[in-house]
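Chain and residue survey
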Amino acid sequence: MNTVRSIVETTRASELSFLEQVFDEHGPDVIGLYGIPGVGKTTLLNQFIKRHSNRCLTINCQHLEPTPKAFIKKLSKLTNCEDNLSSICCSIAPKTILVIDQFESLNLIETWLRREFVPHMHGHFSGRIHPDRQWVINPPDNSEFRCMKLNSLSFSAAVSYLQTLGHTQIVAMGINQFAHGHPLALQLASSAVLEQSQRKLNEIPPNDVVQTLVQYFVEDIKDHQLKQALEATAIVRRIYEPLLTAMLNVEENVGACLYNALSEIEFVEHREDGLSLHDILKNVISANMKSQYPIRYCQYRHRACVLLNEEMRHSSPSQLWRYTADIIYLVENSVIRSAFFPPFDQREYSVEPADEHNRDAIFAIIEKHEAPEMYRVYQQWWEKQINTFHCIKNSSNQTVGFYCLIKPGDVSLELINQDPITSLWAQHLSNDKNNCNLNQCLFIRRWLSLNEGESLCGAQAACWLDIKRAYLEMRPELRRVYLTVNDLQPYSLIATELGFQVLDLDYQINDKSYYSAMLDMGEGSVDDWVSKRLIQEVNQEQTNLEFPDWFDRNARQLVLSHTRIDLTPLEFGTLELLLSQQGTVITRKTLLKQVWKIEYEGSSNVVDTIIRSLRRKLDDKADIIQSVRGVGYRYRLNEK
């Protein structure tokens, strides 16, 4: 990685000069750097920081809870002052630049940063900000915003870079014809050619370039256990020694050695909380694992889930978000995962706190989609609690939707009772015996878009993304979320997956029915809710593990050539363990511990005896149990 950084100044000189405009007296206040994945945004920012280390404050958003409170607290630590905006802004020296990397991780508070934080800074701001249209249309008050798209390297720069990696000019030119100057592709292709010079990169279909290069990279790791460690790292947000040891089910000293070996691998980033694989490699490797080795993929997720939940229960408040983020990353429910870890930098819609300028547009939407009697209810909320309204704007800065989100503990009970829907929720809460109060609740009073009403659409998705910010701001106090819809059917599947329950609290007005649903997150708040979703997923995966059709788990028999063959308890336990961890070497010691339920350091002939017995019963399938000399056994993936 030192080579990459050292060459940035020659290959990215013009881009560095663009970023340095933030130091100019009449330069921009905010610069947004964006580009396709793997194009080198972080590398460029790191070089910028290296050049101007005494003038930069740096925040990596991957380590940060996406709430204003957490952002301010992080900045207060960097500036050694009180955690409030006024103190922080006063303590920052003139011409100091705040550099934010992995900005997309703060998607939930982007509006707050643009509307409230940047205007307070009275200084300069730079980072990986995609030019979300609102940064251009409605830049921070009294601030100038500029953006720069980072493109692939020029032909000459790419060839020069490859030559620094040890390639001749001719070979470098050939690699670049394939990689087209994309920095990550250049690195992967260079590694592939250095490992096996006979590889014909130009024969790879254009659509499979990155996937094939990542496969080459994994293939070239010859140590089987290290390859499995890399696969485990691709499944989780970050890896650290105890997590790696648990996921691979190895001894602590083995896990420590593998962790150290992982830290030396190219494309593995050292973070303050562990190691992380480059996102592109992570996505390709985990997807390949899920499709090719589903059982091992499931086992890794299960073990990670168990350890993370255990550690989260004993974590300090300052460490809680770290484990919550780890668990959210493991959750495969797209509604939850994409809300906290959005897959793309760009959003079609922006969500803003509403003000008087948005009133006519919002009430036009209400008039179009709501019962006339409800108009008065919204007027009351607007007049007395305008802060409950948020508007959704499109790329033309038009208000195309809104949502009304109420924190009932912050408003008067009189106002709640004047609304027929929120009064039902308050009554439901008062009748509950679980000691949950208004201060622990959120009322999602309504979300509506101009053209689609409450139906599923982009504007509605933008609402839900922004609402997740409120979830985090209220943790760990938030326990319940109430909402209302006219039509339950489109949301039934999503609501069930997320844990919402339909309540018997229908409200009828004219020809419209308002149905209520409630999510009870439990005493553990958001963290408990997300954890339960992951456990539910993993348990379902465990239930759905596909064993070969010749292995009848319920009958504890082999079914070969239409003949059923009984298995002894030890034979069954051994075969089940090998099949459930296909491709993974199971040591004799592990077999003794998990099947025989004994700790034993001596001879393991008893295990070998069971393996021989199993092979006899498997007959022509005997070679599916593969011996690994001096270690143990594994279920061979290329079975007959």
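All of these numbers come straight from a predicted model, not from anything done at the bench.

About the cut-offs
Residues numbered from 1 in each chain as written. Predicted model: local features only at pLDDT ≥ 70, side-chain atom pairs only at ≥ 80, totals over all residues. Heavy atoms only, no water. Helix = DSSP H or I, 4+ residues; strand = E, 2+ residues; numbered from the N terminus. Rg over C-alpha atoms; globule rule 2.2 N^0.38 Å. Buried < 20%, exposed > 50% of the residue type's maximum accessible area, 1.4 Å probe, protein only. Contact = heavy atoms within 4.5 Å. Areas by Shrake-Rupley, 256 points an atom, 1.4 Å probe, with all protein chains shown as cover. Lys, Arg positive; Asp, Glu negative; His and termini not counted. Charge placed at Lys NZ, Arg CZ, Asp CG, Glu CD. Salt bridge = Lys/Arg side-chain N within 4 Å of Asp/Glu carboxyl O. Expected span 1.5 Å × (residues − 1). Pairing = 2+ DSSP bridges. Axes fitted to C-alpha atoms, helices over the stretch in contact; angles between N-to-C directions. pLDDT = per-residue confidence, 0-100. Phe/Tyr/Trp six-rings, centres within 6.5 Å; stacked < 30°, edge-to-face > 60°. Lys NZ or Arg CZ within 6 Å of the ring centre and 35° of its normal. Patch = residues over 30% accessible without salt bridge, like charges linked within 9 Å, V, L, I, M, F, W, Y side chains within 5 Å.

1. Examining the overall build of the protein
Summing up its helical and strand segments, the protein has 28 helices and 21 strands in all. Taking 26 Å as the expected radius of gyration for a compact globule of 640 residues, we find that the protein reaches 28 Å, a close match to that expectation. C-alpha atoms of the protein, sized along the principal axes, occupy 80 × 65 × 45 Å. Across the 640 residues in the protein, those meeting the buried criterion constitute 55%. Taking as baseline every contact in the protein between residues at least 6 positions apart, the subset at least 24 positions apart corresponds to 69%. About 29100 Å² of surface is accessible on the protein, with carbon and sulfur atoms providing 48% of the total. Side-chain charges of the protein comprise 66 positive and 79 negative groups, with the mean position of each set lying 5 Å from the other.

2. A look at the pattern of salt bridges
The tally for this structure, following the rule as stated, stands at 34 salt bridges. As a salt-bridge pair, arginine 146 and glutamate 144 come within 2.7 Å of each other at their nearest N and O atoms. Among the residues examined, glutamate 144 registers a relative accessible area of 31% and is labelled partly exposed. Between arginine 238 and aspartate 326 there is a salt bridge, with its nearest N and O atoms 2.7 Å apart. Placement of the pair is arginine 238 in the loop between α12 (224-235) and α13 (241-248) and aspartate 326 in helix α17 (residues 320-330), with a sequence separation of 88 residues.

3. Observations concerning helix α23 (residues 458-474)
In an α-helix, one turn spans 3.6 residues, which is why side chains three or four residues apart end up on the same side. Taking 1.5 Å per residue, 17 residues should reach 24 Å; α23 reaches 25 Å between its end C-alpha atoms and fits that length. For α23, the tally of buried residues reaches 14 of 17 residues, placing the bulk of the element in the interior.

4. Topic: the sheet that holds strand β19 (residues 586-587)
Strand order in the open sheet made by the 3 strands is β19-β21-β20, with antiparallel pairing throughout. For this open sheet the edge positions go to β19 and β20 (625-628), each flanked by a neighbour on one side alone. Across 4 bridges, the pairing between β20 and strand β21 (residues 632-635) is antiparallel. Paired with isoleucine 625 across the bridge in β21 is tyrosine 635. Helix α26 (residues 569-580) rests against β19, β20 and β21 of the sheet, and its axis sits at about 65 degrees to β21.

5. Looking at the confidence of the model for the protein
In the predicted model, the protein carries a mean pLDDT of 86, and the fraction of residues at 70 or more is 93%. Below pLDDT 50 for its whole length, residues 1-6 participates in 8 contacts with residues either more than four positions away or in separate chains.

6. Points about the packing of aromatic side chains
For the coordinates displayed, the defined rule picks out 18 aromatic pairs. Ring centres of tryptophan 135 and phenylalanine 145 lie 5.5 Å apart, and the angle between their planes is 35 degrees; this geometry places the pair in the tilted category. Placement of the pair is tryptophan 135 in helix α7 (residues 133-137) and phenylalanine 145 in strand β5 (residues 145-149), with a sequence separation of 10 residues. Put simply, the rings of Phe363, Tyr375, Tyr378, Trp382, Phe389 and Phe402 pair up and form one aromatic cluster. Over the aromatic face of tyrosine 293 sits the side chain of arginine 296, whose NZ or CZ is 4.5 Å from the ring centroid. Between lysine 468 and the ring centre of tyrosine 471, over which it is positioned, the NZ or CZ distance is 5.5 Å.

7. A word on the pairing of strand β18 (residues 563-566)
Of the strand pairs in this sheet, strand β17 (residues 557-560) and β18 are connected by 4 bridges, and their pairing is antiparallel. Residue leucine 558 lies in a different strand from β18, and its bridge partner there is isoleucine 565. Hairpin geometry of β17 and β18 is characterised by an intervening segment of 2 residues between the two adjacent antiparallel strands and by a positive phi of about 55 degrees at serine 561.

8. Overview of a nonpolar patch on the surface
A contiguous nonpolar surface patch, about 310 Å² in accessible area, is contributed by Phe155, Ile170 and Met173. Mapped onto the elements, phenylalanine 155 comes out in helix α8 (residues 155-164).

9. Description of unusual backbone geometry
Residue proline 476 follows arginine 475 across a cis peptide bond; omega there is 10 degrees. Tracing the backbone shows proline 476 in the loop between α23 and β12 (480-485). Of note in the backbone geometry, arginine 556 takes a positive phi value of approximately 55 degrees without being a glycine. Among the secondary structure elements, arginine 556 is positioned in the loop between β16 (551-552) and β17. With relative accessibility at 42%, the residue arginine 556 sits in the partly exposed group.

10. Quick word on the sheet that holds β16
In spatial order, the strands read β16-β17-β18; together these 3 strands make up an open sheet with antiparallel pairing. Across the chains shown, the open sheet's two edge strands, defined by having one partner strand only, are β16 and β18. Together, β17 and β18 form the strand contacts of helix α28 (residues 605-618), whose direction differs from that of β17 by roughly 35 degrees.

11. Looking at the pairing of strand β6 (residues 268-271)
Sheet topology note: the β6/strand β7 (residues 274-277) ladder contains 4 bridges and is antiparallel. Its bridge partner being in β7, valine 268 is matched across the sheet by leucine 277. Between β6 and β7, which pair antiparallel and follow one another directly, the connecting turn spans 2 residues.

12. As for the environment of leucine 488
With respect to the secondary-structure elements, leucine 488 resides in the loop between β12 and α24 (492-498). Here leucine 488 falls in the partly exposed class, since its relative accessible area comes to 27%. When the C-alpha atoms of leucine 488 and tyrosine 515 are compared, they prove to be 7.3 Å apart, with 27 residues separating the residues in sequence. Leave out the neighbours within four places in its chain, and leucine 488 touches Val502 and Tyr515.

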